[in-house]
Number of protein chains: 2
Amino acid sequence: MPTSDTRAEATSPFLRELFDRDSLSPVRVRVEAQRSIYATGDEDDALYLIESGQVKLLMSSAAGQECLVAIYTAGDVFGESCLQGTGKRNETASAMQATVVRRVSRREFLAEVYRSNAYESLIRHLAARLAERQTAIFDLVTMDAERRLAKVLLAFAEKLGAPDGPYLRMQERISHEDLSQIVGTTRPRITKFMQGFRKAGLIQGKRAIVVDREKVREFLEQE
Amino acid sequence: MPTSDTRAEATSPFLRELFDRDSLSPVRVRVEAQRSIYATGDEDDALYLIESGQVKLLMSSAAGQECLVAIYTAGDVFGESCLQGTGKRNETASAMQATVVRRVSRREFLAEVYRSNAYESLIRHLAARLAERQTAIFDLVTMDAERRLAKVLLAFAEKLGAPDGPYLRMQERISHEDLSQIVGTTRPRITKFMQGFRKAGLIQGKRAIVVDREKVREFLEQE
DNA sequence: CTGCGTCTGTTCAGTATTGAACATGCATTT
DNA sequence: AAATGCATGTTCAATACTGAACAGACGCAG
C-alpha cells in the first residue's frame, strides 16, 4: 500500500546541513521566474539547495512533450542526477518564481560527504527518492487520473500547506497546466476534477487552495 | 529525449563483484518459481545477487492492484530498497522461474563498500536507477500504451536478447499479463498491440519473441 | 494421449480520455 | 478604465481504453 508523498518530496535535514559547512564554498545564484537553472543536455555537475522560491523538475522530449517530475521549495536539495557521473543533465530544473539557490559542485559535495563520513545518509536519501519514484510509477499504472490528482494535491498540501482547522492552506499556487503534467492528463480534465473536489468538499477556494486532509484521504481509500 | 532502458536495468559490474569478496559471507538461496523472495511489509534487510533465473519486482495495493516495476536476471543485483534503512520492504520480489540468489545483509554490504572505498560507485548506481525510474514516469505521462509497449519490448530485447541478424532473439518469455502490468494497460490490449507489431514487422515469432531493433526505434521516433 | 491449467486470441458494450476550440475571469500595465 | 495577457471554465466529437466474457492453443503431468 504505497502512501509516499508522490512528487512533493522532503529533503532530509542532513543534506541541507551539508550546504552550511564552512569547508564548502557554495555559490549563491539568483534566478528569475520562468528561467531554468539547468536544462536537458547541459553539462552541469552540481547540487543545489533552495534558499527561497520554488523549482520544478521536468523531463521533455524532442517533440515538446513535458512531464513534471517534482517540485522543490525552500530548504530542499535537488540536482542529485549529477551523481550519476555522466556530466550531463537529463532533465530541466526551472524556477517557478524568483528563486535563490546555493550551488555546490559534485566534487566538493562528495568530498564533504567523505570528510563527515556521511555516505550512509546520502545513500539513505537516494534510496528513499528511488522508492518515491517507484510509488509514482505505481500510481500512474494503477490509479485513474482523478485519484492521482487527489493524491498529488494531498502531497503538496502536506508539504507546502499550513494547518487551518481540518484544512491545509497552500500559499503557493500550482497552475492546472502544471498539475496536468504531473498527473498525466489534460488541462481541461484537471479543471473538471478540481470542480468536483470543490463540490465534494475535498478542497476549497480558488486563489489559495485549501485541502481537507481527511476528506481527501477518505476519497483515496474508497475502492 | 529520454532513451533509458525502462525497467530492464543492467547492474553495474562493480556491484556484482562485491558479492564475490571473501570478506562477505553471502547465503545462497534457491527459490521455486512463483515464490517470493521478500514481500511488501517484510522485515528484510538485505541485497541480492541473482546467480540464475529471473526475478520480478512488483508493488501492490491492498485492493490487489499490481504494477511490475522491474525485471532482473542473472548477474543483476536487487533489493536496494533496504538502503533506505526503514527495515521494511515496500515492494515484492518474486521469482518468475526457479532462481538462485546470493543474499547479503545491508550491514555487511555497506561494510564491504566502506572497506573497498566504493561509496561513489554505489552512489552512481543509485543515481542511475533514479534516472531510470524518472524516465519510466515520463513515458507513462507522455506516451500512449502502444508506444510504451514498444519501448518495453526494445528494452528487454536489448537486455535479454541475443543478436540474430537485424533481430534480437529473447530466450525468456514474458507473459502478456506481466507486460500489461508494466505498461499500465489491460491484457487484451497487449495482445492486440503485439499482433499489430507482428504485422508491421517490429517483432516476430510467438514462443521466443524476436525484435527488430531498428524497426522498433523507427516506430518510437515517428511522432 | 488425455485432461487440466495457463496463456493467448477475440469481441464488444460501456466508459474515460483526448485535443481542439471558444468563453470567461482576473490581475497587471498603461 | 481600457487593454493585455494568462489562467481557468466549458463544450464536444473523435478516439482510446476498460472489463468481462468466451474460444482456442499449447505444454505438462498423469
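Caption draft 1: Quick look at unusual backbone geometry. Even without a glycine there, the phi angle at A:Asn117 is positive, about 55°. Mapped onto the fold, A:Asn117 is located in the loop between α2 (106-115) and α3 (119-142). When its relative accessible area of 54% is taken as the criterion, A:Asn117 is described as exposed. Look at B:Gln34: it is not a glycine, yet its phi comes out positive at around 70°. Secondary-structure assignment places B:Gln34 in the loop between β1 (27-31) and β2 (36-38).

Caption draft 2: Inspection of the protein's contact with DNA strand C at higher detail. Near DNA strand C you find 17 residues, and of these A:Thr185, A:Arg189, B:His176, B:Arg187 and B:Gln195 are the closest. Considering the 4 Å shell around the protein, atoms of DNA strand C inside it are sugar or phosphate in 62% of instances. Contacts to DNA strand C include A:Thr185, whose side-chain N or O atom sits 2.4 Å from a phosphate oxygen. The separation between a phosphate oxygen of DNA strand C and a polar side-chain atom of B:Arg198 is 3.4 Å. The dominant element in the surface near DNA strand C, judged by the number of residues it contributes, is helix α6 (residues 187-200) of chain B, at 5 residues. Of the residues belonging to the surface near DNA strand C, the class tally is 3 nonpolar, 7 polar and 7 charged.

Caption draft 3: Main features of the nonpolar core. Formed by 42 residues in total, the largest nonpolar core has its most connected members in A:Leu83, A:Phe109, A:Leu122, B:Leu83, B:Phe109 and B:Leu122. Elements with a minimum of two residues in this core: α1 (13-18), β3 (46-52), α2 and α3 of chain A together with α1 (13-18), β3 (46-52), α2 (106-115) and α3 (119-142) of chain B. Those residues in contact with B:Leu83, other than ones at most four positions away along the chain, are A:Ile123, A:Arg124, A:Ala127, B:Leu47, B:Arg106, B:Leu110, B:Leu122 and B:Leu126.

Caption draft 4: Summary view of the side chain of B:Arg148. Residue and element names in this part refer to chain B. When you line up the elements, Arg-148 lands in helix α4 (residues 145-160). Buried charge without a partner: Arg-148 forms no salt bridge, and the closest opposite charge is Asp-144, 6.3 Å away. Looking at Arg-148, its side chain comes within polar contact range of the main-chain oxygen of Met-143, at 2.8 Å. With sequence-adjacent residues up to four places away left out, Arg-148 is seen in contact with Asp-139, Leu-140, Met-143, Val-183 and Gly-184.

Caption draft 5: Structural context of α2(A). All of the buried residues in α2(A) are A:Arg106, A:Phe109, A:Leu110, A:Glu112 and A:Val113. The buried side chains of α2(A) occupy one side of the element, clustering within an arc of 155° when seen end-on. Here the buried face of α2(A) lies against α1, β3, β8 (99-105) and α3 of chain A together with α3 of chain B.

Caption draft 6: Looking closely at α2(B). Tucked into the core, α2(B) has its buried residues touching α3 of chain A together with α1, β3, β8 (99-105) and α3 of chain B. Just beyond α2(B), the residue with positive phi is B:Asn117, at close to 55°.

Conventions we followed
- Residues numbered from 1 in each chain as written.
- Chains lettered and ligands numbered in written order.
- Predicted model: local features only at pLDDT ≥ 70, side-chain atom pairs only at ≥ 80, totals over all residues.
- Heavy atoms only, no water.
- Helix = DSSP H or I, 4+ residues; strand = E, 2+ residues; numbered from the N terminus.
- Buried < 20%, exposed > 50% of the residue type's maximum accessible area, 1.4 Å probe, protein only.
- Near = heavy atom within 4 Å.
- Polar contact = N/O pair within 3.5 Å; in protein donor to acceptor, adjacent residues only side chain to side chain.
- Nonpolar A, V, L, I, M, F, W, Y, C, P; charged D, E, K, R; others polar.
- Core = buried A, V, L, I, M, F, W, Y, C linked by side-chain atoms within 4.5 Å.
- Contact = heavy atoms within 4.5 Å.
- Lys, Arg positive; Asp, Glu negative; His and termini not counted.
- Salt bridge = Lys/Arg side-chain N within 4 Å of Asp/Glu carboxyl O.
- Arc of directions from axis to C-beta.

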